[in-house]
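# Fold and contact review
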Amino acid sequence: MNTEQLLLSITQASAARLVSEEDVKRAWEQGRGEISRPARKKSSLTNILTGIGGLIVAIGIVIFFQQHWQTLGTNMKILVTLGSSIILYISGIFLSRIESMKSVTWAFFLAFAFLSPFGIWVTFDSLHTQFPFFGYETIISGIMLVWFVASFFLLRMDLFAVFSVIAGSIFYFGITGDFLSRNPAIAISSAFEYRFLLLGL
């Protein structure tokens, strides 16, 4: 189809009121890619702003908790930290089911990833929980490792893969550190060097 035939088709469609001036302009802009590029820029800006917002929320909860530590009861301490992180996680899951909100859900999961370990520690500390062989760091990192791995397979988000590696590394150092500290016959300095070597492999 040459230019004259194309323009004639548009003229006939316009006369028959099958297309409007806005339809023609939109088709022309799409052909030049002038619509898709700003949309990608807007999406990237939205992701950045929501990520910053998620971090601000997590930091704000931690600061609030620090300032009111002495005035909060045990149940409130757990609710503010662990409860908030679980709410963020559930909210992220629900928003991930909405097509228009998928680009911002990672901010909720990011805030959850930073806040939930602190919430678990507060829960253990408030309830005076004791573990016979491992410290809080090892137990918490183990819980987060399982949670992140499960979330990765459930939601298929790269964010959980990154935090799975981080949690797995902390769990590895925690469990080997607890083991070495209870075995005085092992040369601690050499063993710690080998830990880094094994982690790299």
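Structural notes, computed from the coordinates.

### Remarks on the overall build of the protein chain
- Check the secondary structure of the protein chain and you find eight helices and zero strands.
- Counting every position in the protein chain, which comprises 201 residues, the buried fraction comes to 30%.
- If you take every contact in the protein chain between residues at least 6 apart in sequence, the share linking residues at least 24 apart comes to 58%.

### Quick word on the packing of helix α4 (residues 74-96) against helix α5 (residues 105-126)
- Where α4 contacts α5, the two axes come as close as 8 Å, and the packing angle between them is 155°. Classified by the angle between their axes, α4 and α5 sit roughly antiparallel to one another. Where α4 crosses over α5, the handedness of that crossing is left-handed.
- Here the residues of the contact of α4 with α5 sort into 14 nonpolar, twelve polar and one charged.

### Describing the nonpolar core
- Ranked by size, the top nonpolar core spans 21 residues in total, and within it Phe109, Phe112, Ile120, Met144, Phe148, Phe160 and Phe163 carry the most contacts.
- For this core, the secondary structure elements donating two or more residues are α4, α5, α6 (136-155) and α7 (158-181).
- Other than its neighbours up to four places away in sequence, Phe160 contacts Tyr89, Phe109, Phe148, Ser151, Phe152 and Leu155.

### A word on α5
- Counted at 1.5 Å a residue, the expected span for α5 with its 22 residues is 32 Å, and the 31 Å between its end C-alpha atoms agrees.
- Maximum bend of α5: about 35°, positioned at Leu115, with proline Pro117 one to four residues after it.
- Of the residues flanking the end of α5, it is His128, one or two places downstream, whose phi is positive at about 55°.

### A few points about the packing of α4 against α6
- Viewed as axis vectors pointing N to C, α4 and α6 meet at an angle of 10°, and their least axial separation amounts to 12 Å. Relative to α6, the element α4 is oriented roughly parallel. For the crossing formed where α4 meets α6, the hand is right-handed. Judged by residue contacts, Ile86, Tyr89, Ile93 and Ser96 of α4 engage Trp147, Ser151 and Leu155 from α6.
- Of the residues belonging to the contact of α4 with α6, the class tally is five nonpolar, two polar and no charged.

### Let's talk about the environment of Leu127
- Positionally, Leu127 belongs in the loop between α5 and α6.
- Residue class for Leu127 comes out exposed when judged on its relative accessible area of 53%.
- When the C-alpha positions of Leu127 and Thr74 are compared, they lie 7.9 Å apart, and in sequence the two are 53 residues distant.
- Here Leu127 is in contact with Thr74 and Ile78, once residues within four sequence places are set aside.

### As for α6
- With 20 residues, α6 should cover 28 Å at 1.5 Å per step; its first-to-last C-alpha distance of 28 Å lies within 8% of that length.
- Listed in full, the buried residues belonging to α6 are Thr138, Ile140, Ser141, Gly142, Met144, Phe148, Ser151 and Leu155.
- Once α6 finishes, Arg156 follows within two positions and takes phi at roughly 55°, a positive value.

### Examining the packing of aromatic side chains
- For the structure on display, the rule yields 14 aromatic pairs.
- When the centroid spacing of 5.5 Å and the interplanar angle of 75° are considered together, the rings of Tyr89 and Trp147 count as edge-to-face. Of this pair, Tyr89 sits in helix α4 while Trp147 sits in helix α6, and the two are 58 residues apart along the sequence.
- Note on Tyr89: relative accessible area 10%, which makes it buried.
- Given a relative accessible area of 26%, Trp147 falls into the partly exposed group.
- Three or more aromatic residues joined by ring pairs make a cluster, and in this case those are Tyr89, Phe109, Phe112, Phe114, Trp147, Phe148, Phe160 and Phe163.

Rules used in this analysis
Residues numbered from 1 in each chain as written. Predicted model: local features only at pLDDT ≥ 70, side-chain atom pairs only at ≥ 80, totals over all residues. Heavy atoms only, no water. Helix = DSSP H or I, 4+ residues; strand = E, 2+ residues; numbered from the N terminus. Buried < 20%, exposed > 50% of the residue type's maximum accessible area, 1.4 Å probe, protein only. Contact = heavy atoms within 4.5 Å. Axes fitted to C-alpha atoms, helices over the stretch in contact; angles between N-to-C directions. Parallel < 35°, antiparallel > 145°, perpendicular 65-115°, else oblique. Left-handed = near helix turned anticlockwise from the far one by under 90°. Nonpolar A, V, L, I, M, F, W, Y, C, P; charged D, E, K, R; others polar. Core = buried A, V, L, I, M, F, W, Y, C linked by side-chain atoms within 4.5 Å. Expected span 1.5 Å × (residues − 1). Bend = angle between axes of the 7 residues up to and from the residue. Phe/Tyr/Trp six-rings, centres within 6.5 Å; stacked < 30°, edge-to-face > 60°.

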